[in-house]
Amino acid sequence: MEGCEEEAAYYLAGDAQGWYALSMLVFEARGNTLRERILTPVLTSSICEILVFAAVFIFALLWIKTIITHNSDDMTDTTAATSSLALESQLKENMLLHAEDMANIIDVRLNEIQNLTAMLAEVTTGFYSAPQNYRPRETHFIGDGEITGQMGEVNLYISKGAVPNVMDEARLAANISDIFKQIGKMDGDITASYLAGEAGFFIITRDDHSAFLNYDARKRSWYINTKTENRLCWSAVYLDISGAGPTITCAAPFYEIRGSQKIFKGIAGNGVVFTNFKQIIETAAPGENTVVFLLDNKGTKLFSSDGSGIHLNEKTGELTSENLLESDSDGLRSLGKMMTVRETGVVDLRINGMVNYVAFCPLTTLDWSLGFSVDERSITKRLSDLRTNIETLGDEAKKGTNQAILIMLFALMLVSIAIISYRVRSAVLLSERIAGPITELVYQVEETGAGNLDAEVTVSAKADELRQLANSFNEMKSRLREYIANLASVTIEKERIAAELDVAARIQMSMLPESFVAPGDQFNVEINGAMFPAKEVGGDFYDFFIIDKTHFAVMIGDVSGKGLQAAMFMVVAKTLVHNHLRQGLPPERALTKLNRELCESNREGMFVTMWVGVFDSETGVLIYVNAGHNPPLVRTNNSSFRYITGMSHDLVTGAFEDTVYHQRSLRLHPEDTLFLYTDGITEATSDTELMYGEDRLTHFLDTHHELDLHELFTTLHDDIKSFVGNAKQSDDITMLALRYKNNQ
């Protein structure tokens, strides 16, 4: 604080001395007093200025009157035409922006449903690929003649012609029930989630049971199309069998994976009643005389806010509606062609003798295009009103100009006489009032220049300029004092933040194992871990510890957020998992219990991605649970590294209290290597916005697999730094590896 005050006083003294020197120049004028040097030029310049100003002002008024009189009509026409073009262009631009906004809203909603559908297919693939990890689950079976079921529950139907062991497959697939219920709670737009097995079973969350008694999903268009395409697909619009109305289905295939084989087993889907999107589309209409519509990739109109050209056959459930590509109108055919090839724009069409402006843009999720039309009445009315207003303003401006010129000429005469009289009197008074206050001001500025920041500069004169000068000088000193105080406050705050980050960093690093010897000596494995923290403290961690004579645990995780809060959340999560595993709980139960404990008091909404495994040194079997973490890599039988992605991982811990975790197993053989990491590696971004990525990581590990683990980590970190270049490290880089030396 003292150093800042001395520096401020030094600069302030320099400014004050400069002001003082400038003031003294006035007194040093030889041969004239200050009063004389003020009075003479003020009187002379005042009279000359008034005369020149009066002459110029009169000439300008007459010239302006002539210009306004002759050019007012031309200016009105030009302004109206230009404004009309600008208004029309702006309206078209706004129409296109409105269409793009609505398309984005619909795409975001469809993407959310696609992600849920893909997740259902991945989870079901996991059931079929590792049935030994799941117990058969009973669900409510509705057989022939039964028309009631458990309302709001997951129900099972068996189609005619099902395979003999269909119930076994259905009980395995019924493990999806909990996820179905969670989707029903999270997403109100999804009317039903279902699994349709190729074996002939159908599992669905719906209350209308009678509609599905003789239902064979394998014969439905959404099933056949998705099976044929062998990928996630959206169905065409069809009439829902239970009477819910026009519906679209997002469906994805699931499989049984046997080694390198993928065997098709059925379709997972989510049904969405088209009415939900209809409500969104109808709210898009920007005003009256507007029609909003949707077109598919074949030119067929799926929806129109005025209801024209749309028909659904209640018997077949098929959509029959107007096709723009087959229209008799050249303009509509051209519009249909542009929309089906996914163009974006605004066009003018003449429909039924009236010009319509049509804005259109494609959806990115479906092969559909959204558009809306506004007839010319909405635009021509605005253009007509605009021109009328401009013409009225022009007439009023001409009339007002003529009146103003006459008034201003008369006023100029009176004001000129008054100003001349006033300037003569003011010059005399000014010469008397300035000299004294200036001398007083110079003296007070000298005192402030000596370093007295608390001294207030005042003048007894009534002159605004001198008071403003004194006030400005006082304001400068006040701001300087505030700057000194703020500088001290900012310095203290920076020290506090630095101390908090240092505590968080020490907490984070103190939780990591310091020794890598004991597990390797006892269990014939080489194990090592490393973390390279970013400047900001994050929530990465890893750990490994002995459970009993033949088992030890390994784990790695990443807490959402940064700073001290993330570090403390990491300590809690790591400690709880450590205790649960030490008590003998298997990984799936340990994480399920951890998730409930974290959710009980998680007011900040934080979560943890974790990968937890328990290794049996006698059998080489590693039992693990992946709770939303990056898939690890494994190198077996001296082959290349590969990602363990056979089954979808579970949800992160700390997010949903009812989440149940499932463990998987992996057998390691001598010289097999398991590599765990956090997203700080794969998401490391260079200064050219490129990410390090999973492929680059796999290639690096294959190239350097012979290195010992400590050297492997150091080399990998150097490779990441070389790739990133000058870009700032934004996240912790954490890795953990296990190399099995002997399975005895």
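As the structure is a prediction and not an experimental result, all values here were calculated from the model. (Residues numbered from 1 in each chain as written. Predicted model: local features only at pLDDT ≥ 70, side-chain atom pairs only at ≥ 80, totals over all residues. Heavy atoms only, no water.)

**Here's the deal with the overall build of the protein chain**
A tally of helices and strands in the protein chain yields 15 helices and 25 strands. Counting all 744 residues of the protein chain, 44% fall into the buried class. Contacts in the protein chain between residues at least 24 apart in sequence constitute 66% of all its contacts with a sequence separation of at least 6. Within the structure as shown, the protein chain displays about 39000 Å² of accessible surface, and the carbon and sulfur contribution to it stands at 54%. (Helix = DSSP H or I, 4+ residues; strand = E, 2+ residues; numbered from the N terminus. Buried < 20%, exposed > 50% of the residue type's maximum accessible area, 1.4 Å probe, protein only. Contact = heavy atoms within 4.5 Å. Areas by Shrake-Rupley, 256 points an atom, 1.4 Å probe, with all protein chains shown as cover.)

**Points about helix 7 (residues 330-340)**
At 3.6 residues per turn, the α-helix brings residues three or four places apart onto the same side. For helix 7, the set of buried residues is Leu332, Leu335, Gly336, Met338, Met339 and Thr340. Those residues of helix 7 that are buried are in contact with strand 9 (290-295), strand 13 (345-351), strand 14 (354-362) and strand 15 (369-375). The opening residue of helix 7 is Ser329, an N-cap whose side-chain oxygen sits 3.3 Å from the backbone nitrogen of Gly331. Just beyond helix 7, the residue with positive phi is Arg342, at close to 65 degrees. (Polar contact = N/O pair within 3.5 Å; in protein donor to acceptor, adjacent residues only side chain to side chain.)

**Brief notes about unusual backbone geometry**
Residue Arg342 is not a glycine yet carries a positive backbone phi of 65 degrees. Looking at the secondary structure, you find Arg342 in the loop between helix 7 and strand 13. Overall, the relative accessible area of 34% leaves Arg342 in the partly exposed class.

**Thoughts on the pairing of strand 18 (residues 551-559)**
Regular strands place their side chains on alternate faces of the sheet. Within strand 18, eight of the nine residues are buried, which leaves the element mostly enclosed by the surrounding structure. In terms of strand pairing, strand 17 (residues 539-546) meets strand 18 through eight bridges, oriented antiparallel. Looking across to strand 18, one finds that Tyr542 is bridged to Ile556. Relative to strand 19 (residues 608-616), strand 18 is paired through nine bridges, and the arrangement is antiparallel. Opposite Val559, over in strand 19, you have Val608 as the bridge partner. (Pairing = 2+ DSSP bridges.)

**What about the pairing of strand 10 (residues 301-304)?**
Two elements, strand 9 and strand 10, share three bridges in a ladder whose sense is antiparallel. Residue pairing for strand 10: Phe293 is matched across the bridge by Ser304. The hairpin turn running from strand 9 into strand 10, its antiparallel successor, is five residues long, and Gly299 in that turn takes a positive phi close to 90 degrees.

**A closer look at the pattern of salt bridges**
Evaluation of the coordinates by the stated rule reveals 19 salt bridges. Between Glu169 and Lys265 there is a salt bridge whose closest N-O contact spans 3.8 Å. Here Lys265 lies in strand 8 (residues 261-273) and Glu169 lies in helix 3 (residues 166-173), a separation of 96 residues in the sequence. Here Glu169 matches Lys265 in class, with each residue buried. The partner of Asp543 in a salt bridge is Lys574, with the nearest N and O atoms 3.1 Å apart. Of this pair, Asp543 sits in strand 17 while Lys574 sits in helix 11 (residues 563-582); the two residues are 31 residues apart in sequence, bridging distant segments of the chain. Judged by relative accessible area, Lys574 falls into the buried class, the value being 6%. (Salt bridge = Lys/Arg side-chain N within 4 Å of Asp/Glu carboxyl O.)

**Here we look at the packing of helix 11 against helix 12 (residues 587-600)**
Put simply, helix 11 and helix 12 touch, their axes get as near as 9 Å, and they point 140 degrees apart. In this structure, helix 11 meets helix 12 at a crossing whose hand is right-handed. Residues Phe569, Val572, Ala573, Leu576, Val577, His580 and Leu581 of helix 11 pack against Pro587, Ala590, Lys593, Leu594, Glu597 and Leu598 of helix 12. Among the residues forming the contact of helix 11 with helix 12, the class breakdown is ten nonpolar, one polar and two charged. (Axes fitted to C-alpha atoms, helices over the stretch in contact; angles between N-to-C directions. Left-handed = near helix turned anticlockwise from the far one by under 90°. Nonpolar A, V, L, I, M, F, W, Y, C, P; charged D, E, K, R; others polar.)

**Let's talk about helix 11**
Here helix 11 contains 20 residues, and its C-alpha end-to-end distance of 29 Å stays within 8% of the 28 Å for a straight helix at 1.5 Å per residue. Positive phi appears at Gly584, one or two residues downstream of helix 11, with a value of about 95 degrees. (Expected span 1.5 Å × (residues − 1).)

**Focus: the confidence of the model for the protein chain**
Residues of the protein chain with pLDDT of at least 70 account for 71%, and the chain-wide mean is 79. Per-residue pLDDT stays below 50 along residues 1-5; that stretch engages in five contacts with residues further than four places along the chain or on separate chains. Overall, residues 18-31 carries pLDDT values under 50, and its contacts beyond four positions in sequence, including any with other chains, amount to twelve contacts. (pLDDT = per-residue confidence, 0-100.)

**Considerations on the packing of helix 14 (residues 693-703) against helix 15 (residues 709-724)**
Closest axis-to-axis distance for the helix 14/helix 15 pair is 11 Å, and the angle between their directions is 140 degrees. Taken together, helix 14 and helix 15 sit at an angle that is classed as oblique. For the pair helix 14 and helix 15, the sense of crossing is right-handed. Two secondary-structure elements touch here, helix 14 through Arg696, Leu697, Phe700 and Leu701 and helix 15 through Leu712, Thr715, Leu716, Asp719 and Phe723. Classifying every residue of the contact of helix 14 with helix 15 gives six nonpolar, one polar and two charged. (Parallel < 35°, antiparallel > 145°, perpendicular 65-115°, else oblique.)

**A look at the sheet that holds strand 19**
On the basis of which strands lie adjacent, the open sheet formed by five strands has the order 17-18-19-20-23 and antiparallel pairing. The sheet is open, and its two edges are formed by strand 17 and strand 23 (664-667), each paired on a single side. The average undirected angle you get between the axes of adjacent strands in this sheet is 15 degrees. As paired strands, strand 20 (residues 621-627) and strand 23 are joined by four bridges and run antiparallel to one another. Paired with Ile623 across the strands is Ser665, a residue of strand 23.

**Digging into the sheet that holds strand 24 (residues 673-677)**
Read from one edge to the other, the open sheet built from five strands follows the order 16-25-24-21-22, with strand pairing classed as antiparallel. The open sheet has two edge strands with one neighbour each: strand 16 (525-532) and strand 22 (642-643). In terms of strand pairing, strand 21 (residues 633-635) meets strand 22 through two bridges, oriented antiparallel. Paired with Leu633 across the strands is Tyr643, a residue of strand 22.

**Structural notes on a nonpolar patch on the surface**
Residues Phe59, Trp63, Ile64 and Ile67 make up a contiguous nonpolar surface patch of roughly 440 Å² in combined accessible area. As for its placement among the helices and strands, Ile64 is situated in helix 2 (residues 34-129). (Patch = residues over 30% accessible without salt bridge, like charges linked within 9 Å, V, L, I, M, F, W, Y side chains within 5 Å.)

**Remarks on the side chain of Asp216**
Considering the arrangement of structural elements, one finds Asp216 in the loop between strand 4 (201-204) and helix 5 (221-229). Given a relative accessible area of 14%, Asp216 falls into the buried group. A distance of 3.0 Å separates polar atoms of two side chains, one belonging to Asp216 and the other to Arg218. Once residues within four sequence positions are removed from consideration, Asp216 is found in contact with Ser159 and Lys160.

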